[in-house]
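Understanding the architecture of this molecule
Residues per chain are reported as follows:
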Number of protein chains: 2
Amino acid sequence: MARYRVGLETRERILAATRRLLSEFGIEGVTLKAITDQARVGAGSFYNLFDSKDDAVFEVVREAIDAVDPDPAGVGSDSLADLVDAFVAFMTGSSPIARIYLQLAGRGLTDPAIAARVLRSHRRRVERFADAWQREEPQLPPEEAERRAELMLAALTGLGMTTLMDPSFDMRRHAQGLLPASATAAR
Amino acid sequence: MARYRVGLETRERILAATRRLLSEFGIEGVTLKAITDQARVGAGSFYNLFDSKDDAVFEVVREAIDAVDPDPAGVGSDSLADLVDAFVAFMTGSSPIARIYLQLAGRGLTDPAIAARVLRSHRRRVERFADAWQREEPQLPPEEAERRAELMLAALTGLGMTTLMDPSFDMRRHAQGLLPASATAAR
DNA sequence: TACATATTGGAGTGTACGCTCCATTTCTGC
DNA sequence: GCAGAAATGGAGCGTACACTCCAATATGTA
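Residues numbered from 1 in each chain as written. Chains lettered and ligands numbered in written order. Predicted model: local features only at pLDDT ≥ 70, side-chain atom pairs only at ≥ 80, totals over all residues. Heavy atoms only, no water.

Here we come to the protein's contact with DNA strand C. As a structural note, the neighbourhood of DNA strand C is formed by 25 residues, with L32 and Y47 of chain A together with R3, T10 and G44 of chain B the closest of them. In DNA strand C, atoms within 4 Å of the protein come 70% from sugar and phosphate. Contact between DNA strand C and R3 of chain B: a phosphate oxygen at 2.5 Å from a side-chain N or O atom of the residue. Note that a phosphate oxygen of DNA strand C is positioned 2.8 Å from one of the backbone N or O atoms of G42 of chain B. Counting only elements with at least two residues in the surface near DNA strand C, the list comes to α1 (5-25) and α3 (43-49) of chain A together with α1 (5-25) and α3 (43-49) of chain B. It is α3 of chain B that provides the largest number of residues to the surface near DNA strand C, a total of four residues. (Near = heavy atom within 4 Å. Polar contact = N/O pair within 3.5 Å; in protein donor to acceptor, adjacent residues only side chain to side chain. Helix = DSSP H or I, 4+ residues; strand = E, 2+ residues; numbered from the N terminus.)

A word on the pattern of salt bridges. All names here are of chain A. For the coordinates displayed, the defined rule picks out 20 salt bridges over all chains. Here E144 makes a salt bridge to R148, at a shortest N to O gap of 2.9 Å. Of this pair, E144 and R148 are both found in helix α8 (residues 142-165), four residues apart, which corresponds to roughly one turn of the helix. Here R148 falls in the partly exposed class, since its relative accessible area comes to 25%. (Salt bridge = Lys/Arg side-chain N within 4 Å of Asp/Glu carboxyl O. Buried < 20%, exposed > 50% of the residue type's maximum accessible area, 1.4 Å probe, protein only.)

Here the focus is the environment of F129 of chain A. Residues and elements named next belong to chain A. Position of F129 among the secondary structure elements: in helix α7 (residues 112-136). In sequence terms F129 and S79 are 50 residues apart; their C-alpha atoms lie 8.6 Å from each other. Not counting residues up to four positions away in its chain, the partners in contact with F129 are L80, L83, V84, A149, M152, L153 and L156. (Contact = heavy atoms within 4.5 Å.)

Its identity is not glycine, yet R40 of chain A carries a phi of approximately 55°, on the positive side. Within the fold, R40 of chain A resides in the loop between α2 (32-39) and α3.

All names here are of chain A. The interhelical angle for the contact between helix α4 (residues 53-67) and α7, taken along N-to-C directions, is 20°, at an axis separation of 10 Å. Between α4 and α7, the angle falls in the class roughly parallel. Between α4 and α7 the crossing geometry is right-handed. Here R62, I65 and D66 of α4 come into contact with α7, specifically with R117, V118, S121 and R124. (Axes fitted to C-alpha atoms, helices over the stretch in contact; angles between N-to-C directions. Parallel < 35°, antiparallel > 145°, perpendicular 65-115°, else oblique. Left-handed = near helix turned anticlockwise from the far one by under 90°.)

As a further point, take the protein's contact with DNA strand D. In the vicinity of DNA strand D, 25 residues are found, and the nearest of them are R3, T10 and G44 of chain A together with L32 and Y47 of chain B. Of all atoms in DNA strand D that approach within 4 Å of the protein, 69% are sugar or phosphate atoms. In this structure, G44 of chain A approaches DNA strand D through a main-chain N or O atom, which is 2.7 Å from a base oxygen. At the level of elements, α1 and α3 of chain A together with α1 and α3 of chain B are the ones that each hand at least two residues to the surface near DNA strand D. The biggest single contributor to the surface near DNA strand D is α3 of chain A, with four residues.

All names here are of chain A. Taken together, the side chains of R62, R117, R120 and R124 define a basic patch exposed on the protein surface. In this fold, R62 is placed in helix α4. By relative accessible area, which is 36% here, R62 ends up partly exposed. (Patch = residues over 30% accessible without salt bridge, like charges linked within 9 Å, V, L, I, M, F, W, Y side chains within 5 Å. Areas by Shrake-Rupley, 256 points an atom, 1.4 Å probe, with all protein chains shown as cover. Lys, Arg positive; Asp, Glu negative; His and termini not counted. Charge placed at Lys NZ, Arg CZ, Asp CG, Glu CD.)

What is shown is where atoms sit, not what they do.
Pasting the structure below:
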């Protein structure tokens with residue numbers, strides 16, 4: 001839709017505003033007026049660039065889901081500790097995306113379309129954690145590795161929720177407790 | 001507000017409708033019209049019994065938060081396995097309350113008032129899990145017991161989210177993996 | 001039975017929302 | 001520099017929402 005440079009810039013301003021509102025006030029805090037005020041743009045400009053309000057929201061939401069896996073193409077050379085670190089950094093970092101991701105998971109409880117997307121990215125992540133477990137303990141049966149990966153991610157998600165609600169919560173310390181003794185010792 | 005029998009019954013019908021809508025369609029699925037249609041009640045009757053729509057919603061929400069702890073008065077004689085079982089049963093049971101509880105946690109990410117409530121009930125639950133760990137392994141330092149309790153609850157919360165999004169997910173089996181070998185063997 | 005008060009449904013109100021329309025301005029390739 | 005297309009702001013539209021108002025009716029009490 002956008003063909004000229006100014007249009008593309010405006011598009012970015014709108015997405016930035018949507019990102020900010022989404023993380024700070026949640027899905028119901030994102031109104032068209034809020035977006036256009038924040039982006040300093042008229043409604044007409046918005047609809048020149050997006051088909052609907054949800055169009056912009058979904059774009060940000062897609063970002064959020066993908067961002068949990070910082071290296072989707074990675075063939076999987078990361079260690080367990082690296083993966084845990086990356087997850088913790090994502091949750092405790094200043095990016096609004098983490099908040100959006102967890103809110104989204106909550107929304108997935110009632111919206112099947114969102115649930116499907118969230119689950120798909122979840123599965124991918126479980127795979128990567130399972131691979132890392134295998135590398136950590138090569139004698140582990142694949143099934144057991146996957147079981148542990150699932151538990152680890154569940155715990156990280158739960159810790160993430162706590163840390164976003166309670167800024168004084170030390171997620172990194174707690175997350176270290178998820179690593180096997182071998183990985184912890186190696187740090 | 002309700003003084004006569006019929007009024008109290010209507011109140012219950014309204015709360016049941018709110019509960020159902022909340023769990024099935026999420027917070028944004030709860031409109032006044034939806035509630036009054038579902039409860040087969042006019043708007044006037046609703047406002048005769050509740051101060052606002054949110055009044056009814058919060059009542060249900062309070063239920064949901066409390067329901068995670070089935071025995072709040074329990075001095076803590078439950079075993080770890082019992083507590084895990086109770087949590088799993090709560091999540092996988094047919095009650096809409098579990099869905100509401102997790103949606104609520106998601107909402108807590110942007111609403112400080114809700115975050116405070118959720119965190120408070122979370123802390124209570126961590127205490128109970130920590131006590132159970134102490135009973136399971138009496139030589140455990142209290143700090144370590146609390147650390148493990150926190151991780152366990154985080155994992156249960158994460159598994160709960162997955163299981164609510166993916167009905168084919170076997171939460172019970174995964175949750176068993178959280179128990180120490182001693183508790184598992186004793187089952 | 002008679003009275004006071006609680007309960008009822010639903011038409012009506014004000015407001016906030018997503019979105020359209022369009023006259024005006026800005027941009028870019030030639 | 002010009003022409004044609006893109007970008008812009010904001011007034012205005014239709015709709016859905018939470019909530020009010022009130023006349024009619026049901027309920028409990030003495």
